[in-house]
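Structural description and commentary
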Amino acid sequence: MNVTISVFPSAAKKPKIPASRLGFGRVFTDHMFIMNYSADHGWHEPRIIPYQPIALDPSAKVFHYGQTVFEGLKAHSTADGRTVLFRPDRHIERLNRSNYRLSIPPIDGELALEAIKRLVAVDRDWIPEEPGTALYIRPFIIATEPALGVAPSAEYRFIIIMSAVGPYYEAGINPVKIYVESNYVRAVAGGVGAAKAAGNYAAGLLAQREAAKEGYAQVLWLDGVHRRYIEEVGSMNVFFKIGDTVLTPALNGSILDGVTRDSVIRLLASWGVRVEERQISIDELERASLDGTLAEAFGTGTAAAVSPIGELCWQGNVWSIGNGRTGTLTARLYETLTGIQTGKAPDPFGWTVEV
Ligand code: COI
């Protein structure tokens, strides 16, 4: 790679927060990466600067038409003193797929990886080491052209910020209660549901708020056409263990191609567990709940890792899963995945990348 990333170090360091008070995505490191795009110069001026607010014209397209995409990946410190990223190549590939769908110019993958590595190296001392913590890396792209015509922006900024994080859910790695949403939908095939577009998350907020009022941590989305087929859960992909088989919805164009989803499928396959990626109806889940074969359920995502589901509520019927306790397979997946990510377990797939 022959592009130079300039580094402008911060004059002062912010105080660190104890791990128990981190929460998720509230505590940001001392530096950020930023790079501009213009039609004349393409992506240019990659630089690492002190973490700071950015000034944008109020007419910037991102504010009006939501032309923005993001990623989320993690860095960990290992017991033997290394700093590792988890599958950054997959995240960068997906960022460029999201870019394509939102008509944002692609980013050179090698440059993006170098930017992430350099930024993590500069703020390495922010990586928390307590179990369940990580350095969460949030690359995102915003359309900055000051113009109100509905057309792809001629200017963008690619920014990477980083946050020292604890568990995503307040419940930590305890099972969460999920509300099966039958009123609102998240996405339809042909739309932007498979992209990591900010609007997908905005579209879910009302349902999430209504579910929260009933005591549910997230919603389980059904497909937008039949309102019968499982899509994903909140901001995670979803898996169900029915009998001895693990089921997860196939990538159908409206759900996210999760990096953790792929990792879990590959881990399960390597353990000889039967995994089916296919259409799953809510009726199939109901039958499995009634006949006692719905043994485990969990969500997967970078932020939450593997998050057990202890209860589903579907049209007033409450299905307890595994007596509301974390299933054996779910726990094994959590331990193995986070073990690989933190260097505590071997990495037979070569998923970790050293900084
Ligand atoms: C992630 O799991 O990294 C996500 O992007 C989900 C969420 C925090 C928006």
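The present account deals with the structure reproduced in this document. Each chain has its residues counted from 1, running along the sequence as written. For a predicted model such as this one, the threshold for reporting local features is a pLDDT of at least 70, and the threshold for listing and counting side-chain atom pairs is 80 or more; totals across whole chains, interfaces and linings nevertheless cover every residue. Side-chain numbers here rest on the full set of heavy atoms in the structure, without hydrogens or water.

Here's the deal with the site of the ligand
This is how it is decided: Here a residue counts as near a molecule or strand whenever at least one of its heavy atoms sits within 4 Å of it. In the analysis that follows, any N or O atom pair within 3.5 Å is treated as a polar contact, provided that within protein one partner can donate a hydrogen and the other can accept it, and provided that, for residues neighboring in sequence, both atoms belong to side chains. Shrake-Rupley sampling with a 1.4 Å probe provides the accessible areas, and residues are treated as covered by the protein chains on show and by no other component. Domain limits in this description derive from either an automatic procedure or a database domain assignment.
Near the ligand the following residues occur: Phe70, Gly72, Tyr136, Arg138, Tyr168, Lys196, Tyr201, Ser235, Gly301, Thr302 and Ala303. A distance of 3.2 Å separates an oxygen atom of the ligand from a polar backbone atom of Thr302. Take Ala303: an N or O atom from its main chain is 2.8 Å from an oxygen atom of the ligand. Its free accessible area being 280 Å², the ligand has 91% of it covered by the protein chains. Here the shell around the ligand spans two domains, since at least three of its residues come from each of domain 1 (6-165) and domain 2 (176-342).

Concerning the packing of aromatic side chains
Applicable threshold: Note on aromatic pairs: the rings of Phe, Tyr and Trp (six-membered ring only in Trp) are paired at centre separations within 6.5 Å, and the planes decide the class, stacked below 30 degrees, edge-to-face beyond 60, tilted for the rest. Every helix listed is a DSSP run of H or I at least four residues long, and every strand listed is a run of E at least two residues long, numbered separately from the N terminus. Note on geometry: a ring has a charge over it if NZ (lysine) or CZ (arginine) is within 6 Å of the ring centre and within 35 degrees of the ring normal.
Scanning all chains against the criterion turns up 13 aromatic pairs. Residues Phe24 and Tyr136 carry aromatic rings whose centres are separated by 5.0 Å and whose planes lie at 65° to one another, so their mutual orientation is edge-to-face. Here the residue Phe24 occupies a position in the loop between strand S1 (6-7) and strand S2 (31-38), and Tyr136 occupies one in strand S7 (residues 134-143), the gap between them amounting to 112 residues. One cation-aromatic arrangement involves Lys14 over Tyr51; the distance from NZ or CZ to the ring centre is 4.5 Å. Its guanidinium or amino end placed over the ring of Trp271, Arg332 lies 3.6 Å from that ring's centre, counting from NZ or CZ.

Topic: the pattern of salt bridges
Quick reminder of the rule: The working definition used for a salt bridge is a side-chain nitrogen of Lys or Arg within 4 Å of a carboxyl oxygen of Asp or Glu. Throughout this description, buried means an accessible area under 20% of the type-specific maximum (1.4 Å probe, protein chains only), exposed means over 50%, and partly exposed covers the range between.
Taken as a whole, this structure holds 19 salt bridges when the rule is applied. As a salt-bridge pair, Arg87 and Asp262 come within 2.8 Å of each other at their nearest N and O atoms. Of this pair, Arg87 sits in the loop between strand S6 (83-86) and helix H2 (88-101) while Asp262 is found in helix H5 (residues 259-270), placing the two residues 175 residues apart along the sequence. Take Arg87 and Asp262: they sit in the same class, and that class is buried. Taking the shortest distance from any N to any O, the salt bridge between Glu276 and Arg274 comes out at 2.8 Å. Residue Arg274 is classed as exposed on the basis of its relative accessible area, which comes to 53%. Connected via shared salt-bridge partners are Arg87, Arg90, Arg97, Asp257, Asp262 and Arg266.

Considering the side chain of Ser254
We count it as follows: Should any heavy atoms of two residues lie within 4.5 Å, those residues are considered in contact.
Among the structural elements, Ser254 can be located in the loop between strand S13 (245-248) and H5. In this view, Ser254 contacts Arg186, Ala187, Val188, Ala189, Gly193, Ala194 and Glu231; residues no more than four positions away in its chain are not counted.

Considerations on the nonpolar core
Our working rule: Nonpolar cores are built from buried Ala, Val, Leu, Ile, Met, Phe, Trp, Tyr and Cys residues. Side-chain atoms within 4.5 Å join them into one set.
Phe33, Val120, Ile137, Ile141 and Phe158 are the most contacted members of the largest nonpolar core, which has 36 residues in total. Looking at this core, the elements with two or more residues in it are S2, strand S3 (42-50), strand S5 (73-77), H2, helix H3 (109-122), S7 and strand S8 (155-165). Considering each element in turn, this core owes the most residues, six residues, to H3. Setting aside residues no more than four positions away along its own chain, Val120 makes contact with Ala75, Thr83, Leu85, Ile127, Leu135, Ile137, Met162 and Val355.

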